[in-house]
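Listed below, chain by chain, are the residues.
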Amino acid sequence: MDAIQYVKDIVTALKRELIRYRAAVAALFTVLFLTALYLSLHWPKYYVSEAAITKDVTNVIEPLLRGTAEVADVNQNETMQDLIFSRRLMDRVLLRIKPEVAQMSPDQVELEIIEFRRNMAVGYDPANRNITILSFTSPTADRAYETLKAVVDVFIEDRMAEKQKVTYEAHNFISDQVIKYKRRLENAEEKLKDFKSRNVDASEQAVKDRIAQLANEIENLRIAIQESEEKIRTTRSQLDIESQNVGQRARHRTLTERRRLLTEQLDQLRLVYQDSYPDIVALKSQIFEIDQAIDEYKTEYSFGAGGQQSELPLYEELRKQLSTAEVDLKTQKRRYDSLQELLEKEYKLAERVAANQAELTDLTRDYDVTRKVYEEMLARKENANITLALNDEGQGESYKVLEPPTYPLQPAGVPAILIYIAAPFLAIAAPVGIAAIFVVIDPRLRSVALLSQKLPEGIPLLGVVPHRGTPLAARLLRKDIILLTLLAVILIVIYGYTLYKFQSLLLPL
Amino acid sequence: MRELSGSRPLENKKVSPVASLGKATSPASQIARMSEVRQFTAAEFNALKVVHAGDEGSVHLKVFRDLRTQLMKRTDWRNFVCLVTSAAPGGSSHVAVNLAATIALDKSKTSLLVDANLYSPFAELLLPVPAQLGLTDYLEDPTTGIEDIVYASGIPRMRVVPVGNNREGGTEKINSVRMRDFFTEIKDRYADRYIIVDAPSAADYDAEIRILAELCDFVVLVVPYGKVTETQLNASIDKIGSEHLAGVVYNWC
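Note that the structure is a prediction, hence the values are computed from the model and not measured. (Residues numbered from 1 in each chain as written. Chains lettered and ligands numbered in written order. Predicted model: local features only at pLDDT ≥ 70, side-chain atom pairs only at ≥ 80, totals over all residues. Heavy atoms only, no water.)

### Thoughts on the overall build of chain B
Right, on to step 1. Within chain B, the regular secondary structure consists of ten helices and seven strands.
Right, on to step 2. Looking at the 253 residues of chain B, the share that counts as buried comes to 57%.
Right, on to step 3. Look at the contacts in chain B between residues 6 or more apart in sequence, and 80% of them connect residues 24 or more apart.
Right, on to step 4. Entry remark: accessible area of chain B is about 10,200 Å², with carbon and sulfur atoms responsible for 50%. (Helix = DSSP H or I, 4+ residues; strand = E, 2+ residues; numbered from the N terminus. Buried < 20%, exposed > 50% of the residue type's maximum accessible area, 1.4 Å probe, protein only. Contact = heavy atoms within 4.5 Å. Areas by Shrake-Rupley, 256 points an atom, 1.4 Å probe, with all protein chains shown as cover.)

As structure tokens, then:
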């Protein structure tokens with residue numbers, strides 16, 4: 001389809017339809033024109049006061065408790081809008097700007113609040129979400145300004161009070177915690193002390209040392225016992241040998257004594273008798289025999305001639321030693337037994353000490369943790385004190401009035417003069433628009449372009465006969481035109497007169 | 001019927017093209033000697049919205065000349081019977097009259113407008129002198145001859161057959177043998193006479209259109225501005241039959 005041709009056809013059709021329904025078009029135009037004119041004269045004037053509040057997103061309790069405990073952000077979920085439109089704040093604002101609200105019935109108050117809500121707007125600065133723009137719309141500049149001022153004041157006061165409250169709560173909370181932890185710390189301390197007093201000796205290391213010492217002693221003692229036993233055994237065997245020796249020596253001595261007697265006898269005899277005397281001979285042989293026997297001993301036992309004096313004391317000595325050794329052994333054995341007993345006892349003690357140690361560790365840990373938290377809490381409590389002091393002095397506000405409420409000097413919105421100027425255009429736009437919609441939507445063929453597109457295959461479009469206005473039609477049209485011109489003149493006069501008469505209403509001063 | 005003002009007293013004179021048949025030697029001289037009534041003034045032409053020689057250069061004249069040429073080409077410049085109907089009431093008479101008038105502009109051709117639009121006749125307006133008989137009278141009364149119903153119009157070289165006074169039972173009349181004979185007769189009598197039949201709207205008068213389409217050589221369908229939807233257009237084309245349809249003319253009215 002030829003788009004340009006189609007548009008041309010539509011414009012032509014539009015013209016045709018407007019001319020065809022000229023009476024209706026004129027009527028609609030007149031009505032709309034006069035309505036718009038009336039509207040421009042009664043155009044509501046309203047004033048908008050604006051203020052900007054910035055929101056400091058940090059809160060008091062969060063830095064106080066950071067790292068120790070997680071706390072919910074106090075104002076995270078409450079937007080300023082919710083706060084300002086909350087019933088609590090609105091009641092206060094209403095009371096401030098209209099003291100008579102206190103005497104009103106609930107229904108009336110409700111109406112006032114609805115009215116207030118409708119005129120109040122809370123938005124955000126598109127450049128900075130933290131800046132909130134408040135605006136209040138009112139028919140008078142004074143009321144717009146005063147209401148917004150009340151809103152801002154009440155809001156800031158409320159936020160201050162709220163923050164104060166939150167800070168106090170945080171402070172109190174921390175104080176409570178500090179006291180609680182102090183009690184716990186004392187408790188832990190007490191327990192630890194008690195335990196320590198109950199288990200004075202109970203040092204694991206000491207027990208261990210003692211066990212080691214005992215074991216060592218026992219070991220030494222065991223060796224000593226072995227030594228003693230060995231000594232006793234040796235002494236005994238020596239004693240045996242020595243007792244044998246003592247018998248031999250006695251025999252030897254007897255022999256020697258006999259020889260000495262015999263020798264004496266011989267010597268006496270020799271004094272009397274010749275050697276050949278039989279007795280002497282006999283004696284000599286006897287001595288000889290004895291010598292032989294002595295030699296035998298001598299060769300057999302070979303004890304020196306000098307040892308003759310010490311033979312008996314050695315034996316005695318040995319016997320003394322033996323008895324001493326035996327006494328020693330007995331003592332050692334008894335000591336060994338008692339040491340063993342002691343060791344057993346120490347082992348038992350060691351077990352008990354290990355159990356005690358576990359308990360002690362437990363108590364100590366409990367104590368340490370409690371102490372750590374307590375100390376931290378104490379530090380934070382100091383912080384809270386400072387914050388509290390800051391708040392008391394009005395420092396560290398979380399809401400600030402960036403721009404106080406403005407006093408509106410000019411009415412907001414579309415000025416009445418614009419409506420006045422736009423009136424004829426608005427009035428003509430409606431019939432033209434309706435006609436255009438009708439022409440486009442109506443399925444009846446109004447366009448050559450459309451027709452040639454819709455024609456079935458093989459059927460040509462032979463021609464397009466243009467509209468031909470007859471002189472008669474022209475005459476009729478002229479009558480219409482006279483009427484229309486008259487109407488136009490009347491409307492123009494009304495238009496001009498309105499501007500002249502209601503200048504003050506239309507033109508902003 | 002419209003009264004036309006004129007200084008001359010108007011005779012109710014029937015002009016019979018048959019009467020001068022024997023004397024003529026050439027068609028041109030025959031046409032030149034066609035008896036005429038008072039011709040329309042430019043103002044009358046304009047009031048009737050009919051093209052005339054004085055319109056030279058107008059878009060209207062150009063459009064109808066173009067249409068005339070296309071139709072003549074269809075029959076190789078031989079004369080024809082063309083039915084003009086519309087897809088919705090209105091617009092077809094204007095096209096039919098102007099087409100006939102445009103053909104008659106050619107001095108070597110004549111045209112005959114047969115008003116078969118029994119329900120909203122228009123042809124009488126073209127007669128400076130009121131007619132007494134018409135097509136329906138001819139179909140009703142066998143004693144009436146063709147010469148009795150053919151009238152000279154205010155347009156040179158253009159004859160008109162008005163509807164007449166006997167309009168009851170139009171469908172039956174149109175569907176008669178006499179009607180068929182009438183068409184044969186008027187077409188065959190003069191080789192330079194082009195016959196334009198103004199028919200009622202195809203949307204409302206199915207039967208008439210079907211019969212007339214059969215009788216005529218071809219049909220021109222007029223689509224008036226802002227009255228026909230695509231469906232209605234297609235319905236009309238179906239009634240006429242695409243084999244009879246010469247084409248469509250869009251009329252801005």
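Anyway, onward from the coordinates.
### A look at the overall build of chain A
Right, on to step 1. Within chain A one finds 14 helices and five strands.
Right, on to step 2. Taking all 509 residues of chain A together, the buried fraction comes to 32%.
Right, on to step 3. Long-range pairs, those at least 24 residues apart, make up 82% of the contacts in chain A between residues at least 6 apart in sequence.
Right, on to step 4. As presented, chain A carries roughly 32,300 Å² of accessible surface, and 58% of it is formed by carbon and sulfur atoms.

### Quick look at a nonpolar patch on the surface
Residue and element names in this part refer to chain A.
Right, on to step 1. Taken together, the side chains of Leu-34, Leu-486, Ile-490 and Ile-494 present a nonpolar region at the surface, about 320 Å² in accessible area.
Right, on to step 2. Of note, Ile-490 is situated in helix 13 (residues 471–501).
Right, on to step 3. The partly exposed category is assigned to Ile-490, whose relative accessible area is 44%. (Patch = residues over 30% accessible without salt bridge, like charges linked within 9 Å, V, L, I, M, F, W, Y side chains within 5 Å. Salt bridge = Lys/Arg side-chain N within 4 Å of Asp/Glu carboxyl O.)

### Observations concerning the confidence of the model for chain B
All names here are of chain B.
Right, on to step 1. Across chain B, the average pLDDT comes to 83, with 88% of residues at or above 70.
Right, on to step 2. For residues 1–24, every residue scores under 50 in pLDDT, and the model assigns this stretch 39 contacts once sequence neighbours within four places are set aside.
Right, on to step 3. For this predicted complex, the interface confidence comes out at an ipTM of 0.81, alongside a pTM of 0.56. (pLDDT = per-residue confidence, 0-100.)

### Here we look at helix 5 (residues 87–97) of chain A
Turn by turn, an α-helix covers 3.6 residues, leaving residues three or four places apart pointing in a common direction.
All names here are of chain A.
Right, on to step 1. When we look at burial in helix 5, the residues that qualify are Leu-89, Met-90, Val-93 and Leu-94. The arc that holds the buried residues of helix 5, viewed along the axis, is 135°, so those residues lie on one side.
Right, on to step 2. Where helix 5 is buried, its residues touch helix 4 (80–84), helix 6 (106–119) and helix 7 (141–198). (Arc of directions from axis to C-beta.)

### Section: helix 8 (residues 177–189) of chain B
Residue and element names in this part refer to chain B.
Right, on to step 1. Here helix 8 contains 13 residues, and its C-alpha end-to-end distance of 18 Å stays within 8% of the 18 Å for a straight helix at 1.5 Å per residue.
Right, on to step 2. Turning to helix 8, its buried residues number three or more, namely Met-179, Phe-182, Phe-183 and Ile-186. End-on view of helix 8: buried residues confined to an arc of 95°, all on one side of the axis. The exposed residues of helix 8 that point more than 90 degrees off its buried face are Val-177 and Asp-188. (Expected span 1.5 Å × (residues − 1).)

### Let's talk about the interface of chain B and chain A
Right, on to step 1. The interface of chain B with chain A comprises 38 residues on the first partner and 28 residues on the second.
Right, on to step 2. Interface area, chain B with chain A, both sides summed: about 2,900 Å², of which 65% is carbon and sulfur.
Right, on to step 3. Connecting chain B to chain A are two salt bridges.
Right, on to step 4. Among the ionic pairs, A:Arg468 bridges to B:Asp55, the shortest N-O distance being 3.5 Å.
Right, on to step 5. Scanning the region where chain B abuts chain A turns up 15 residue pairs in polar contact (both at pLDDT 80 or more).
Right, on to step 6. Of all the secondary-structure elements, those providing two or more residues to the side of chain B that touches chain A are helix 2 (42–48), helix 3 (59–74), helix 4 (92–105), strand 6 (218–224), helix 10 (230–240) and strand 7 (245–251) of chain B.
Right, on to step 7. Residue contributions to the side of chain B that touches chain A peak at eight residues, all from helix 3 of chain B.
Right, on to step 8. Of the residues belonging to the side of chain B that touches chain A, the class tally is 23 nonpolar, ten polar and five charged.
Right, on to step 9. As paired strands, strand 5 (residues 461–465) of chain A and strand 7 of chain B are joined by four bridges and run parallel to one another. Following the sheet pairing, A:Leu461 is matched in strand 7 of chain B by B:Val248. (Buried area = accessible area lost by both parts, 1.4 Å probe. Polar contact = N/O pair within 3.5 Å; in protein donor to acceptor, adjacent residues only side chain to side chain. Nonpolar A, V, L, I, M, F, W, Y, C, P; charged D, E, K, R; others polar. Pairing = 2+ DSSP bridges.)

### Section: the pattern of salt bridges
Residue and element names in this part refer to chain A.
Right, on to step 1. A complete count under the given rule lists 38 salt bridges over all chains for this structure.
Right, on to step 2. Taking the shortest distance from any N to any O, the salt bridge between Arg-270 and Asp-275 comes out at 3.0 Å.
Right, on to step 3. For Glu-375, the salt bridge identified is with Arg-371, shortest N-O distance 3.8 Å. Of this pair, Glu-375 and Arg-371 are both found in helix 10 (residues 311–392), four residues apart, which corresponds to roughly one turn of the helix.
Right, on to step 4. Assessed through its relative accessible area of 34%, Arg-371 is described here as partly exposed.
Right, on to step 5. Where salt bridges share partners, they join Glu-17, Arg-20, Asp-442, Arg-444 and Arg-446 into one cluster.

### Considering the side chain of A:Ser228
Residues and elements named next belong to chain A.
Right, on to step 1. Looking at the secondary structure, you find Ser-228 in helix 8 (residues 204–272).
Right, on to step 2. One polar contact links Ser-228 to Gln-332, side chain to side chain, over a distance of 2.8 Å.
Right, on to step 3. Apart from the residues lying within four places of it in its own chain, the contact partners of Ser-228 are Leu-329 and Gln-332.

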